[in-house]
Amino acid sequence: MRNNLEKYRRILGVKEESFQDREREQEQHWEMYDAAILAESSSDWVKAVKKWKECVNETLKQTEECRAQCVMMSQVIPEEPDTVQGLYERAADLSLSLLSCKQMCVTLVSTRPGRVSAVEDFLPLQLEHLHIAQFKAGDLKGAVETLRSLLLFYPTDSDSLSNLELYTQTVEVNTEAQETGPMQEIAKYISRALQEKRLLYFGMANLDFKFSDPDLWTPEDIVPESLRETWRAEKEKLHEKLKQGEKVEEVDDSGFYAGGPVPVVGVTITMDDQRLNGTNRVVLDGVLSQSECDRVMQLATVAASMGDGYRGRRSPHTPHEKFEGLTVLRALQLAQDGLVNQSDARLLHEIGETVKVLMDSYFRSHSVLYFAYTHLVCRSAIPGHQEGRSDLSHPVHVDNCILEPETRQCWREAPAFTHRDLSAVLYLNDDFEGGDFFFADRDAKTVTAMVKPKCGRLVGFTSGPVNPHGVTAVTAGRRCALALWFTTEKQHRDMEREEAEELWAADGKSVVKEEKGEGESALKSARSGRSQGKERSKDRERVTGRRDEL
Ligand SMILES: O=C(O)CCC(=O)C(=O)O
Ligand SMILES: [Fe+2]
């Protein structure tokens, strides 16, 4: 649907005003939510405060709009039910249904469009983030107000109580700040919710009304005695489920198993799962010789200056760095135009073949592996833009799903490249500052392992939720790496790579260079080992799948 909308937008004569995206209007709080998380990840606390406040207000607004819809719907009187009900029962049923509809708005508003599960405790979660951001931004009065609002949801929460003590004892807090009460809107929200819940639970206990409470914070004393035992048991079950979710998440169900052989002469395993504190991760050294690194670096320099930047954007991740990318096909086209050496363009292609052999062998699986996307990427620090910088060169992410650090969930859905199964990054140099690769926990904060790039070092891992990762800021110089992704889904194989191979084949040269004992190459055994060139030319059919890119 979204893709179609984009297509219509591009049709000649269609103006932006022709579109009114009603769905987007209902998604604004998610945009604010994402902006707030982003601001937090770069420690921009002032912005985070602003975005969290907007998010809380928008969430309350969306809730009101949803509740108004319930009122509209309730004005249509349903037909006479089959069951024989007295007038009072019927009236009670209708008004309880209205209340239940209003309560369900919590679930609707806290479910991202296109997803099935709601973010539990959505409003308390936002308040939790907000008070921390306020504290960090130095707005202690705001932090006290937000924390007191959060305590209305969970009055006995020990973490919140000790935070409150910390905030109110901080020297800079004046009496006015100390006496700040909770936000009025939140106080009203809670007291209205409690009134409604009381009636709904009464209906459950006495009128056989069915109601499923969308909140985790509902206090026990709201629930009538007769329902308490079942209520407690259900709550216990829910907590158990949430805990289970946390436990199983570290199991990699990708179907890949680290620990296979490394069948390339000169390549050694430097770090395995154990050294990298995780699952399905590896660091290999000796994949490229120094002169190979130099040749690819040279290619990057020439090609980048030819303007194959990152689709006109300076950097997709940070304004403090310049980001340049080059694909195999683009390298070949530049070679055909005589702008770079044919042999260097070909080297880029061949390195990919070696990496594929290594990844395929080390991460054992029953599936056939295809290239999904390959590009050479350089990140350069922009001089004069490094002072006081606290962001990352590449924020913590997972390659094939959208990581939501607050809930520790990872959503395997667009715009993530969901078909990516294995990721590999092959480094080319180390003459820059910063730019370390790191694995992180799903909270996107706890670093579990660091890898320092250097020529010929390859970091490989499964592309799913067990392997969140990022890159620290490049604060001086230029850091280049060849990033490769592999897929087990044939329809998502890299058609651009095949196009490049066709061009080479048309030139009367085989795609994979024959082994001639080039002397310098650490790539020897691999390149001849596993070429799928011939196989590819057989299945030439066009795929309609989305073109892969960064
Ligand atoms: O350059 C690196 O070290 C990692 C890059 C990365 O994670 C990515 O492009 O997805
Ligand atoms: Fe990545």
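These numbers come from a predicted model, not from an experiment.

Asker: How would you summarise the coordination of the iron ion (ligand 2) if you had to cite specific residues and measurements?
Answerer: In the first shell of the iron ion (ligand 2), the protein supplies His397 (NE2), Asp399 (OD) and His469 (NE2), at 2.1 to 2.2 Å from the metal. Sequence spacing among the residues donating to the iron ion (ligand 2) works out to H-x1-D-x69-H. In this pair, His397 is assigned in strand β5 (residues 392-397) and His469 in strand β13 (residues 469-472), connecting sequence segments 72 residues apart. The same class applies to His397 and to His469, which are both buried.

Asker: Lay out the environment of Trp504 with the relevant residues and their values.
Answerer: Among the structural elements, Trp504 can be located in helix α15 (residues 495-506). A sequence separation of 172 residues divides Trp504 from Leu332, and the C-alpha atoms of the two residues are 8.6 Å apart.

Asker: For the nonpolar core, give the residues involved together with the corresponding values.
Answerer: Among the nonpolar cores identified, the biggest contains 47 residues, and Leu348, Val355 and Phe486 are the most heavily contacted of them. Of all the secondary-structure elements, those providing two or more residues to this core are β2 (281-285), α12 (290-305), α13 (328-336), α14 (342-362), β4 (370-381), β8 (422-427), β14 (474-487) and α15. The element best represented in this core is α14, accounting for nine residues. With near-sequence residues (within four places) excluded, Leu348 lies in contact with Val296, Leu299, Leu326, Thr327, Val328, Ala331, Leu376 and Leu482.

Asker: How would you sum up the site of ligand 1? Please name residues and give values.
Answerer: Among the twelve residues in the neighbourhood of ligand 1, the closest are listed as His397, Asp399, Tyr427, His469 and Arg479. Residue Tyr427 places a side-chain N or O atom 2.6 Å away from an oxygen atom belonging to ligand 1. Here an oxygen atom of ligand 1 sits 2.9 Å away from a polar atom, N or O, in the side chain of His469. Its free accessible area being 290 Å², ligand 1 has 94% of it covered by the protein chains. Counting residues per element, the ones that place at least two in the shell around ligand 1 are β5, β8, β13 and β14. Residue composition of the shell around ligand 1, grouped by class: six nonpolar, three polar and three charged.

Asker: How would you sum up the pattern of salt bridges? Please name residues and give values.
Answerer: One pass over the structure, following the stated rule, counts 21 salt bridges. Of the charged contacts in the structure, one is a salt bridge between Arg389 and Asp391, with a shortest N-O distance of 2.5 Å. Arg497 is the partner of Glu501 in a salt bridge, and the nearest nitrogen-oxygen pair spans 3.7 Å. Linking Glu501 with Arg497, this pair stays in helix α15, spanning four residues, or about one helical turn. Overall, the relative accessible area of 4% leaves Glu501 in the buried class. Each of the salt bridges in this network shares a partner with another, and the network as a whole consists of Lys50, Lys51 and Glu54.

Asker: Provide a residue-level description of the packing of aromatic side chains, including the pertinent values.
Answerer: One pass over the full model with this rule turns up 14 aromatic pairs. For the ring pair Tyr33 and Phe122, a centre distance of 5.6 Å and an interplane angle of 40° mean the geometry is tilted. Here the residue Tyr33 occupies a position in helix α3 (residues 28-41), and Phe122 occupies one in helix α6 (residues 122-137), the gap between them amounting to 89 residues. Taking the relative accessible area as the measure of exposure, Tyr33 reaches 1% and is therefore buried. Among the residues examined, Phe122 registers a relative accessible area of 5% and is labelled buried. Geometrically, the ring pair formed by Phe437 and Phe461 is tilted, given 5.7 Å between the ring centres and 40° between the ring planes. With Phe437 in strand β10 (residues 437-440) and Phe461 in strand β12 (residues 458-462), the pair connects residues that are 24 residues apart, well separated along the chain. Its relative accessible area of 2% is what places Phe437 among the buried residues.

Asker: An account of the sheet that holds β5 is requested, with residue identities and associated values reported.
Answerer: Taking strand neighbours across the sheet as the criterion, the four strands line up as β5-β13-β10-β11 in an open arrangement whose pairing is antiparallel. One side of each edge strand has no neighbouring strand; the edge strands of this open sheet are β5 and β11 (447-451). Averaged over all pairs of adjacent strands, the angle between strand axes in this sheet comes to 25°, irrespective of strand direction. The pairing of β5 with β13 spans three bridges and is antiparallel. Directly across from Leu392, in β13, lies its bridge partner Thr472.

Asker: I'd like a description of the pairing of β14, backed by residues and values.
Answerer: The element β14 is extensively covered by neighbouring structure, given that ten of its 14 residues are classed as buried. Direction of pairing for β4 relative to β14: antiparallel, over a ladder of ten bridges. In the strand pairing of β14, Thr374 is matched with Leu484. Sheet topology places β8 next to β14; six bridges connect them, and they run antiparallel. Bridge pairing in β14 places Leu422 opposite Phe486. The sheet contact formed by strand β9 (residues 432-434) and β14 spans three bridges and is antiparallel. The residue bridging Gly434 from the neighbouring strand is Val474, located in β14.

Asker: Kindly report on empty space enclosed by the protein, identifying the contributing residues and their values.
Answerer: All chains considered together, the criterion is met by eight cavities of 30 Å³ or more. In this structure, the second largest cavity encloses a volume near 80 Å³. Every residue along the wall of the second largest cavity is listed here: Thr59, Thr63, Val106, Val109, Ser110, Phe122, Leu123, Pro124, Tyr189, Asp215 and Trp217. Per element, the largest residue contribution to the lining of the second largest cavity is three residues, and it comes from α6. Class assignment for the residues of the lining of the second largest cavity results in seven nonpolar, three polar and one charged.

Quick notes on the rules
- Residues numbered from 1 in each chain as written.
- Chains lettered and ligands numbered in written order.
- Predicted model: local features only at pLDDT ≥ 70, side-chain atom pairs only at ≥ 80, totals over all residues.
- Heavy atoms only, no water.
- Donors = N, O, S within 2.8 Å, 3.2 Å for Na, K, Ca; no water.
- Helix = DSSP H or I, 4+ residues; strand = E, 2+ residues; numbered from the N terminus.
- Buried < 20%, exposed > 50% of the residue type's maximum accessible area, 1.4 Å probe, protein only.
- Core = buried A, V, L, I, M, F, W, Y, C linked by side-chain atoms within 4.5 Å.
- Contact = heavy atoms within 4.5 Å.
- Near = heavy atom within 4 Å.
- Polar contact = N/O pair within 3.5 Å; in protein donor to acceptor, adjacent residues only side chain to side chain.
- Areas by Shrake-Rupley, 256 points an atom, 1.4 Å probe, with all protein chains shown as cover.
- Nonpolar A, V, L, I, M, F, W, Y, C, P; charged D, E, K, R; others polar.
- Salt bridge = Lys/Arg side-chain N within 4 Å of Asp/Glu carboxyl O.
- Phe/Tyr/Trp six-rings, centres within 6.5 Å; stacked < 30°, edge-to-face > 60°.
- Pairing = 2+ DSSP bridges.
- Axes fitted to C-alpha atoms, helices over the stretch in contact; angles between N-to-C directions.
- 1 Å grid on protein atoms, 1.4 Å probe; cavity = no way out; pocket = protein on both sides within 12 Å on 5 of 7 lines; lining within 4 Å.
- Points joined across faces, edges and corners; volume = space filled by probe spheres on them.

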